[in-house]
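Here is what each chain is made of, one letter per residue.
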Amino acid sequence: MDQIEKRLTKLALKGDQQAFAEIVGLYKDKIYHLGYRMLNNRHEAEDIVQETFLRVFKSMDRYDPNQKFSTWIYRIATNLCIDRLRKRKPVYSLDADMNDQEGLDGYSLIPSDDRTPESELMISETKQLIYDAIESLPVKYKSVMILRYLQDMSLQEISDVLGMPVTTIKTRVHRGREFLRKKLETKF
Amino acid sequence: MDCKLAVSLMHDYLDDDLAKEQNMMLKAHLQSCADCHMRFKELEQTEMALYSLPRHIPTASKELTERILNTLPKHKEPQIWVKWMKRHPAATAAALFLVVMLLSVINVFNQDSQLVVQGNNLDQIVIEGNTVIVPEGNVVSGDLTIENGKAEIFGDVEGNLTVIDGSLYTASTAQISGQVKSVDQALDWIWFKLSNVFSEIAYR
Ligand SMILES: [Zn+2]
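Reading the values: the criteria
- Residues numbered from 1 in each chain as written.
- Chains lettered and ligands numbered in written order.
- Predicted model: local features only at pLDDT ≥ 70, side-chain atom pairs only at ≥ 80, totals over all residues.
- Heavy atoms only, no water.
- UniProt positions renumbered as here; feature names shortened; annotations may be inferred.
- Pairing = 2+ DSSP bridges.
- Helix = DSSP H or I, 4+ residues; strand = E, 2+ residues; numbered from the N terminus.
- Axes fitted to C-alpha atoms, helices over the stretch in contact; angles between N-to-C directions.
- Salt bridge = Lys/Arg side-chain N within 4 Å of Asp/Glu carboxyl O.
- Buried < 20%, exposed > 50% of the residue type's maximum accessible area, 1.4 Å probe, protein only.
- Contact = heavy atoms within 4.5 Å.
- Buried area = accessible area lost by both parts, 1.4 Å probe.
- Polar contact = N/O pair within 3.5 Å; in protein donor to acceptor, adjacent residues only side chain to side chain.
- Nonpolar A, V, L, I, M, F, W, Y, C, P; charged D, E, K, R; others polar.

Looking at an unreviewed UniProt entry, one finds chain B named Anti-sigma-W factor RsiW, with Paenibacillus crassostreae as its source organism. Its UniProt record gives chain B the following Sequence similarities (unreviewed entry) comment, quoted word for word: "Belongs to the zinc-associated anti-sigma factor (ZAS) superfamily. Anti-sigma-W factor family."

The name given to chain A in an unreviewed UniProt entry is RNA polymerase sigma factor, and the organism recorded there is Paenibacillus crassostreae. Per its UniProt entry, chain A bears the Sequence similarities (unreviewed entry) comment "Belongs to the sigma-70 factor family. ECF subfamily."

Printed below as a string of structure tokens:
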């Protein structure tokens, strides 16, 4: 994976559109997932994907090849999400409710092929509870928890993406975990 | 061990970051403290619930890739004077001589350049000589523009950062939410002049 990425990045740096298209193919779903969980809104998640790749494309010449490409693209995407969350804060929950009905019922979280009555039930109970709990986290914990648990990043990787010391990331994971525990404690 | 330390160790355990010795200490405490035992169970269940969430679902719409590729700026064609330069090396050498001349002229122009800083809350920055520093922990809200000076960013800039005729250093702690632009007026001017010279010759 890393070798492929290195080659693709090199090609894309030279302005190879095909190589860039492949990078988009590799990352668009991951970035979309990140955006969707951060913003809880499909349209905004797509905006984030689009904006991220546009930034990547425009600043290819500033990419440091010693850095992992994934770290770089996640940094751009995460910062874009955090910016959006900060900007919309006052009308936030109202906005999310009105724009994204289907994201809230949870059914759309699984691809239509896999939809069985059982899986819908499962989603709508425990998992939805956890998603709601994550959704209610303050921004700085939310981003760390999403990167940790939904993007499977190590504490070190999150520290690289957010440009913060590992100790800070650790503290945030601990607090985030406690926050979720309290939210879920009655449900276990 | 007090319960506060125990809780902290529980989290380290869940991070897979607990030394053997501490692991034993934690176990011993959990066996003797019902509250912590309960809390540990809840934390473990929270952790398991988090790991049970699907990873890359939902997916983006199929047209998205196409839309992304369509919005990208088109790859620039090599400019006409670059092609021309390749074909006329002698004239290129002459032009380079011209560049050197222009550079020295600009140097004379630039000698008395003054540091200019534009922004909203400038109390957040520190100026040392011609170096403008945003210290770690400080937040400049809005755009920041620095002309004829060095910029060293350790803190946050909540807007665009523009450095004109200067240098820029951003530390790993720096967070710049807007666009970062370094503008070299002298260079831009040379390019402008050069392409004019070239196109005049090229079309003759
Ligand atoms: Zn205890």
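Once the structure has been displayed, the description carries forward.
Asker: Outline the sheet that holds strand S1 (residues 116-119) of chain B, supporting the account with residue identities and numerical values.
Answerer: All names here are of chain B. Judged by pairing direction, the sheet is mixed, and its 4 strands sit side by side in the order S1-S5-S8-S11 without closing on themselves. In this open sheet, the two strands that pair with only one neighbour each are S1 and strand S11 (180-183). Within the sheet, the average angular offset between the axes of one strand and its neighbour, ignoring direction, is 10°. Judged from the 4 bridges that link them, strand S8 (residues 161-164) and S11 form a sheet pairing that is parallel. Bridge pairing in S11 places Leu161 opposite Val180.

Asker: How would you summarise the UniProt feature "domain: Putative zinc-finger" (unreviewed entry) in chain B if you had to cite specific residues and measurements?
Answerer: Taking the UniProt record as the reference, the feature "domain: Putative zinc-finger" (unreviewed entry) is found at residues 3-37 of chain B. A distance of 10 Å separates the end C-alpha atoms of residues 3-37 of chain B, which is 83% helix and 0% strand.

Asker: Talk me through the pattern of salt bridges; I want residue IDs and the actual numbers.
Answerer: This structure, assessed with the given rule, holds 14 salt bridges over all chains. The partner of A:Arg177 in a salt bridge is B:Asp15, with the nearest N and O atoms 2.7 Å apart. Remark: B:Asp15 occurs in the loop between helix H1 (3-14) and helix H2 (20-32) and A:Arg177 occurs in helix H10 (residues 166-184); the pair is interchain, linking two chains. For the pair A:Arg177 and B:Asp15, one class covers both residues: buried. Residues joined by salt bridges that share partners form a network here, namely A:Glu178, A:Arg181, A:Glu185, B:Arg39 and B:Glu42.

Asker: Describe the interface of chain A and chain B, and please don't skip the residues or the numbers.
Answerer: The partner chain B presents 39 residues to the 52 residues of chain A that form the contact. Both sides together, the interface formed by chain A and chain B hides about 4,300 Å², and carbon and sulfur atoms give 57% of it. When the buried area of chain A at its contact with chain B is split by residue, A:Gln50, A:Tyr149 and A:Arg177 rank highest and sum to 15% of it. Two residues, A:Arg181 and B:Glu42, come together in a salt bridge whose shortest N-O distance is 2.6 Å. Here chain A and chain B share 12 residue pairs in polar contact (both at pLDDT 80 or more) between them. Among the elements of the structure, helix H2 (17-39), helix H3 (42-58), helix H7 (117-135), helix H8 (139-150), helix H9 (155-162) and H10 of chain A are those that each provide at least two residues to the side of chain A that touches chain B. The element that contributes the greatest number of residues to the side of chain A that touches chain B is H2(A), accounting for 11 residues. Here the residues of the side of chain A that touches chain B are counted per class, giving 25 nonpolar, 8 polar and 19 charged.

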